[in-house]
Amino acid sequence: MEQALYQYALRLADSSLTMGQRLAEWCGHGPYLEEDVALTNVSLDLIGHAQMFYQIAVDLSGETKTADDLAFLRDAHEFRNPLLTELPRGDFAYTTLKQYFVDVFNLHLYQALSQSNHQPLAQAGKKALMEVKYHLTRSQAWCERLSMSTAEAKQRMQQALDDLWFYTPELFETDEVMRQLADDGVIADYASLKNNWQKQVEALLKKCQLELPASGWVATGGLQGEHSEHLGYMLAEMQFLQRAYPGCEW
Amino acid sequence: MSEMKLYEVFIRAKSGLNHRHVGSLHASDAEMALMNARDVYTRRKEGVSIWVVESKHIAASNPEQEHEWFDPAEDKVYRHPTFYPLDKEVENM
């Protein structure tokens with residue numbers, strides 16, 4: 001069970017780290033100064049969440065590794081995030097909608113985790129939940145603004161939805177071990193997460209008058225370490241310093 | 001960006017203190033201005049409350065009238081409440 005929880009902590013951490021890294025790519029490229037600062041604030045929150053979950057993984061592993069080792073010294077096939085979080089940042093509509101999908105997911109996830117009977121998970125869930133509430137306020141406000149403003153903004157939001165929608169089911173993938181952990185009150189129940197997420201997201205999409213794409217290829221594989229080509233490039237950049245100068249600190 | 005407006009930002013550093021002007025920012029409306037203010041001006045735990053007001057709603061005195069408006073107060077020290085003794089019990093005045 002410890003091994004299963006270790007893998008689960010990695011899934012949480014890797015998801016937050018890849019989201020945080022993608023947002024950090026906006027630093028200096030935001031649509032205007034205030035939004036540039038806001039995007040990187042959220043990025044830092046997410047990297048903070050990753051750090052908490054990596055630390056939980058380290059404590060479960062019984063090895064002498066550190067949180068930094070897990071972030072900077074694992075290769076793509078060892079990452080457990082869903083493909084959604086590693087996708088390139090795209091345009092601002094794409095980043096915004098992806099963030100909204102993940103924020104709603106995180107809201108329900110951390111609400112559930114803060115009730116976990118595993119103390120470290122419950123504490124991390126509470127801390128993350130507080131920050132995610134603000135992330136969601138922001139990303140939801142932006143979804144509404146963009147969808148209800150100019151024709152170009154609306155069209156870009158619709159394009160983002162078409163491109164992202166079939167990456168979202170992977171957020172809710174579970175296996176036998178995870179269902180057992182959920183039954184034991186350790187992790188969230190992903191069936192009810194999915195239910196809550198769908199209700200909330202579909203209500204907003206309706207309000208924004210965005211149309212769900214009819215059908216498409218559904219992404220999967222991240223939880224088994226089978227990633228898109230994007231993750232490798234991201235890690236190459238993110239991990240460069242530790243790979244080139246092992247143990248480097250500043 | 002053409003529809004962005006300028007807002008002035010006021011932050012209350014902690015409960016009991018006044019909101020103080022800290023700077024300005026761009027936003028399309030008050031809701032966004034509040035969020036931008038939170039993200040730009042309270043990143044280092046500078047406050048517990050934010051006010052924003054669109055800059056155009058602030059009426060300002062004319063800098064060219066600075067002397068005629070404010071210099072007359074310069075030589076009227078008797079307006080400061082320093083010419084009478086205070087009871088010992090009064091600590092903050």
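All values reported here derive from a predicted model rather than from experimental measurement. (Residues numbered from 1 in each chain as written. Chains lettered and ligands numbered in written order. Predicted model: local features only at pLDDT ≥ 70, side-chain atom pairs only at ≥ 80, totals over all residues.)

So, the overall build of chain B
- Scanning chain B from terminus to terminus reveals two helices and three strands.
- Ordering the α and β elements of chain B from the N terminus gives β-β-α-β-α.
- Relative to the globule expectation of 12 Å for 93 residues, the C-alpha radius of gyration of chain B, 19 Å, shows a markedly less compact shape.
- With respect to the three principal axes, the spread of C-alpha positions in chain B is 55 × 40 × 20 Å.
- Going through the 93 residues of chain B one by one, you find that 18% of them count as buried.
- In chain B, 45% of the contacts between residues at least 6 apart in sequence involve partners at least 24 apart. (Helix = DSSP H or I, 4+ residues; strand = E, 2+ residues; numbered from the N terminus. Rg over C-alpha atoms; globule rule 2.2 N^0.38 Å. Buried ≥ 20, exposed ≤ 12 C-beta atoms within 10 Å, placed from the backbone. Contact = placed C-beta atoms within 7 Å.)

Structural notes on helix α1 (residues 30-41) of chain B
- An ideal rise of 1.5 Å per residue puts 16 Å on twelve residues; α1(B) measures up with 15 Å between its terminal C-alpha atoms.
- Of all the twelve residues making up α1(B), nine are buried; the element is thus mostly covered by neighbouring parts of the structure.
- The complete set of buried residues in α1(B) reads Met32(B), Ala33(B), Met35(B), Asn36(B), Ala37(B), Arg38(B), Asp39(B), Val40(B) and Tyr41(B).
- The inward-facing, buried residues of α1(B) abut α2 (33-61) and α5 (119-147) of chain A together with β1 (5-12), β2 (19-27) and β3 (49-54) of chain B. (Expected span 1.5 Å × (residues − 1).)

Topic: the interface of chain A and chain B
- Contacts between the two partners involve seven residues from chain A, matched on the other side by ten residues from chain B.
- Taken together, the elements giving at least two residues each to the side of chain A that touches chain B come down to α2 and α5 of chain A.
- Residue contributions to the side of chain A that touches chain B peak at four residues, all from α2(A).
- Among the residues forming the side of chain A that touches chain B, the class breakdown is four nonpolar, one polar and two charged. (Nonpolar A, V, L, I, M, F, W, Y, C, P; charged D, E, K, R; others polar.)

Concerning the sheet that holds β1(B)
All names here are of chain B.
- Strand order across the open sheet formed by three strands is β2-β1-β3, with antiparallel pairing between neighbours. What marks the edges here is a single partner per strand, and that holds for β2 and β3. With strand direction ignored, the average angle separating the axes of adjacent strands in the sheet is 30°.
- Of the pairings in the sheet, the one linking β1 to β2 comprises eight bridges and is antiparallel in character. (Pairing = 2+ DSSP bridges. Axes fitted to C-alpha atoms, helices over the stretch in contact; angles between N-to-C directions.)

Remarks on the packing of helix α4 (residues 92-113) of chain A against helix α6 (residues 151-164) of chain A
Residues and elements named next belong to chain A.
- α6 packs onto α4 with a crossing angle of 55° between their chain directions and a minimal axis gap of 8 Å. As the angle between them shows, α4 and α6 are arranged oblique. Crossing of α4 over α6 shows right-handed handedness. Across the interface between the two elements, Ala93, Tyr94, Leu97, Lys98 and Phe101 from α4 touch Ala153, Arg156, Met157, Ala160, Leu161, Asp163 and Leu164 from α6.
- Per-class residue counts for the contact of α4 with α6 are nine nonpolar, no polar and three charged. (Parallel < 35°, antiparallel > 145°, perpendicular 65-115°, else oblique. Left-handed = near helix turned anticlockwise from the far one by under 90°.)

With respect to the pairing of β1(B)
Residues and elements named next belong to chain B.
- With antiparallel pairing between neighbouring strands as the criterion, β1 and β2 make up a hairpin whose turn holds six residues, including Gly16 at a positive phi of roughly 100°.
- In this sheet, β3 lies alongside β1 in antiparallel orientation, the contact comprising six bridges. Looking across to β3, one finds that Ile11 is bridged to Ile50.

Structural notes on the packing of α2(A) against α5(A)
Residue and element names in this part refer to chain A.
- Remark: α2 packs on α5, axes separated minimally by 11 Å, with the N-to-C direction vectors making an angle of 165°. Classified by the angle their axes make, α2 and α5 are roughly antiparallel. In terms of crossing hand, the pair formed by α2 and α5 is left-handed. In contact with Ala38, Val42, Asp45, His49, Met52, Phe53, Ile56 and Asp59 of α2, α5 contributes Pro120, Leu121, Ala124, Lys127, Ala128, Glu131, His135 and Arg138.
- Of the residues assigned to the contact of α2 with α5, the class counts are nine nonpolar, two polar and five charged.

Some points on the environment of Glu170(A)
Residue and element names in this part refer to chain A.
- As for its placement among the helices and strands, Glu170 is situated in the loop between α6 and α7 (176-183).
- Linking Glu170 and Leu84, residues 86 residues apart in sequence, is a C-alpha distance of 7.9 Å.
- Sequence-distant contacts of Glu170, defined by excluding residues within four places in its chain, comprise Pro82, Leu83, Leu84, Ala219, Thr220 and Gly222.

Details of the nonpolar core
- Ranked by internal contacts, the top residues of the largest apolar core, which has 62 residues, are Ala9(A), Ala13(A), Phe53(A), Tyr54(A), Ile56(A), Ala57(A) and Leu97(A).
- For this core, the secondary structure elements donating two or more residues are α1 (2-24), α2, α3 (67-72), α4, α5, α6, α7 and α8 (190-207) of chain A.
- Examining the composition of this core, we find that 13 residues originate from one element, α4(A), more than from any other.
- When neighbours within four sequence positions are excluded, Ala9(A) is seen to be in contact with Phe53(A), Ile56(A), Ala57(A) and Leu60(A).
- Grouped together as the second largest cluster of nonpolar side chains are 13 residues, Tyr7(B), Tyr41(B), Ile50(B) and Val52(B) included. (Core = buried A, V, L, I, M, F, W, Y, C linked by C-beta atoms within 7 Å.)

Any functional reading would require information beyond the geometric quantities listed.
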